[in-house]
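# Coordinate inspection notes
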Amino acid sequence: MGRPIVLLIGEHRTSAYVYQAIRNLGVTHVIQEDGPSEHRPESIKHWLTHVYVRLTSPVMRLSSRARIQELKLRYPLNDEPIPFHHILRVTSLNDTKTTMWLDRLAPQLIVTHETGPIDPSVLARFDCPVLTVKPTMAEGQLEAYWAFRAKPDVCEVRIEQWTERGWTVSDRSVLYIGGTDNFATYPYLQLTTVLPLLRRQIELLLKEDVYDRRTAK
């Protein structure tokens, strides 16, 4: 049996979509920290925009049900809950319980999604590739807000990998916002665009790992 893939998440509801999209690639464990991902707006103006987006999104979600359903079917997106027996809960991904689990699991690959900031000293402990999805949903919805106010209506999603120099972009794609899209449809737009990129990067890294093991013999 090969080494596992471990998914690190916060409590954001969209992490279930990520788990379902990549679980058949070898995800055996999910480590979930308490609380949603942290987002610190850069200014009072951004903070007010963030509050506006958060308050109006539920209303927009009701008025955009048809568009959301269309986007869910495009990939398709699977929002079945993560099986509870796959989840290991921790207070923070920066605490010793998390590093204990990861040392024990010795993963082949780590994927993070919608977590709080992970300390670079923790990331440096891992001897396997670490991938993440950027921007976070909170940041992405703010980007979408500004895109709605500008032309062309374009955002970007990225897969980034941790290196000695910090996070480095491995793949990226432009996210085109349609005329009926809004803050509530943004999460589904992001997922339908970024999940194929994430799967592709994981598959490439797994192939490289197999090649490395074969040549090491």
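Just so you know, these numbers come straight off a predicted model, no measurement behind them. (Residues numbered from 1 in each chain as written. Predicted model: local features only at pLDDT ≥ 70, side-chain atom pairs only at ≥ 80, totals over all residues. Heavy atoms only, no water.)

## A look at the overall build of the chain
How we decide: Counting from the N terminus, the helices are DSSP H or I runs at least four residues long and the strands are E runs at least two residues long. The rule is simple: take the accessible area with a 1.4 Å probe, protein chains only, and divide by the maximum for that residue type; under 20% is buried, over 50% is exposed, in between is partly exposed. For accessible areas, the Shrake-Rupley method is used with a probe of radius 1.4 Å. Any residue's cover is judged against the shown protein chains and nothing else.
Helix and strand counts for the chain stand at seven helices and seven strands. Expressed as a percentage of its 217 residues, the buried residues of the chain come to 49%. Summed over all atoms, the accessible surface of the chain reaches about 11700 Å², with 54% contributed by carbon and sulfur.

## A look at the packing of aromatic side chains
Remark: the centre distance and the inter-plane angle together describe each pair of aromatic rings, the angle taken between the planes. The line we're drawing: Side-chain rings of Phe, Tyr and Trp, where Trp is taken by its six-membered ring, are said to pair if the distance between their centres is within 6.5 Å; with planes under 30 degrees apart they count as stacked, over 60 as edge-to-face, and otherwise as tilted. Only when the NZ atom of a Lys or the CZ atom of an Arg is both within 6 Å of the ring centre and within 35 degrees of the ring normal do we say a charge sits over the ring.
All told, the structure shown has two aromatic pairs when counted by the stated rule. A ring pair is formed by W162 and W167, whose centres lie 5.4 Å apart and whose planes are at 75°; its orientation type is edge-to-face. It is R104 that lies over the ring of W101; its NZ or CZ is 5.0 Å from the centre.

## Remarks on the pattern of salt bridges
Worth spelling out the cut-off: Definition used for salt bridges: Asp or Glu carboxyl oxygen within 4 Å of a side-chain nitrogen of Lys or Arg.
Counting across every chain of the model gives 13 salt bridges. Measuring nitrogen to oxygen at the nearest pair gives 2.8 Å for the salt bridge that ties R67 to D181. One end of the pair, R67, is in helix α3 (residues 65-74); the other, D181, is in the loop between β7 (166-176) and α7 (186-216), with 114 residues separating them in the sequence. Each of the two residues, R67 as well as D181, counts as buried. The partner of K134 in a salt bridge is E160, and the shortest N-O contact between them spans 3.5 Å. Taken together, the positions of K134 in strand β5 (residues 130-134) and E160 in strand β6 (residues 154-163) put the pair 26 residues apart, joining distant regions of the chain. You can call E160 buried: its relative accessible area is 8%.

## Let's talk about unusual backbone geometry
Where the residue is not glycine, phi is negative for most of them; where a peptide bond is considered, it is trans in most cases. Put simply, Y75 and P76 share a cis peptide bond, and its omega is 0°. Secondary-structure assignment places P76 in the loop between α3 and β3 (87-90). A positive phi is found at A106, a non-glycine position, where the angle reads about 45°. Along the polypeptide, A106 turns up in the loop between α4 (96-105) and β4 (109-113). Although it is not a glycine, E114 sits at a positive phi angle of roughly 55°.

## Digging into the confidence of the model for the chain
Applicable threshold: In predicted models, pLDDT denotes the confidence assigned by the predictor to each residue on a 0 to 100 scale. Whether two residues are in contact is decided by their heavy atoms: any pair within 4.5 Å suffices.
Averaged over every residue, the pLDDT of the chain is 87; the share at 70 or more is 90%. Considering only residues more than four positions removed or in separate chains, one finds that residues 213-217, a stretch of pLDDT under 50, has one contact.

## Side note on the pairing of β6
For clarity, the threshold we go by: Any two strands with at least two DSSP-identified bridges between them are counted as paired.
Inspection of the sheet shows β5 paired to β6 by four bridges, in the antiparallel sense. Paired with K134 across the bridge in β6 is R158. As paired strands, β6 and β7 are joined by ten bridges and run antiparallel to one another. Opposite E160, over in β7, you have V169 as the bridge partner. Between the end of β6 and the start of β7, which pair antiparallel, lie two residues.

## As for the sheet that holds β6
The condition is simple: Throughout, an axis means a line fitted to C-alpha atoms (over the contacting stretch in the case of helices), and angles, computed between N-to-C directions, take values from 0 to 180 degrees.
With respect to topology, seven strands assemble into an open sheet ordered β3-β2-β1-β4-β5-β6-β7, the strand pairing being mixed. Each of the sheet's edge strands pairs with one partner strand only, and the pair in question is β3 and β7. Across the sheet, the mean angle from the axis of one strand to that of its neighbour is 20°, orientation sign disregarded. Bridge count between strand β2 (residues 27-33) and β3: four bridges; the pairing is parallel. Within the sheet, the bridge partner assigned to V30 lies in β3 and is I87. Seen against the sheet, α4 touches β1 (5-9), β2, β3 and β4 and runs at an angle of roughly 150° to β3.

## Some remarks on the packing of helix α2 (residues 44-63) against helix α6 (residues 137-148)
What counts is decided by this rule: The scheme is simple: roughly parallel for angles under 35 degrees, roughly antiparallel for over 145, roughly perpendicular for 65 to 115, oblique for anything else. Residues are sorted three ways: Asp, Glu, Lys and Arg are charged, Ala, Val, Leu, Ile, Met, Phe, Trp, Tyr, Cys and Pro are nonpolar, and all the rest, Gly among them, are polar.
Packing of α2 against α6 brings their axes to within 10 Å, and their N-to-C directions diverge by 95°. It follows that α2 is roughly perpendicular to α6 by the angle criterion. Across the interface between the two elements, K45, H46, T49, H50, Y52, V53 and S57 from α2 touch A138, Q141, L142, Y145 and W146 from α6. Grouping the amino acids of the contact of α2 with α6 by side-chain chemistry returns six nonpolar, five polar and one charged.

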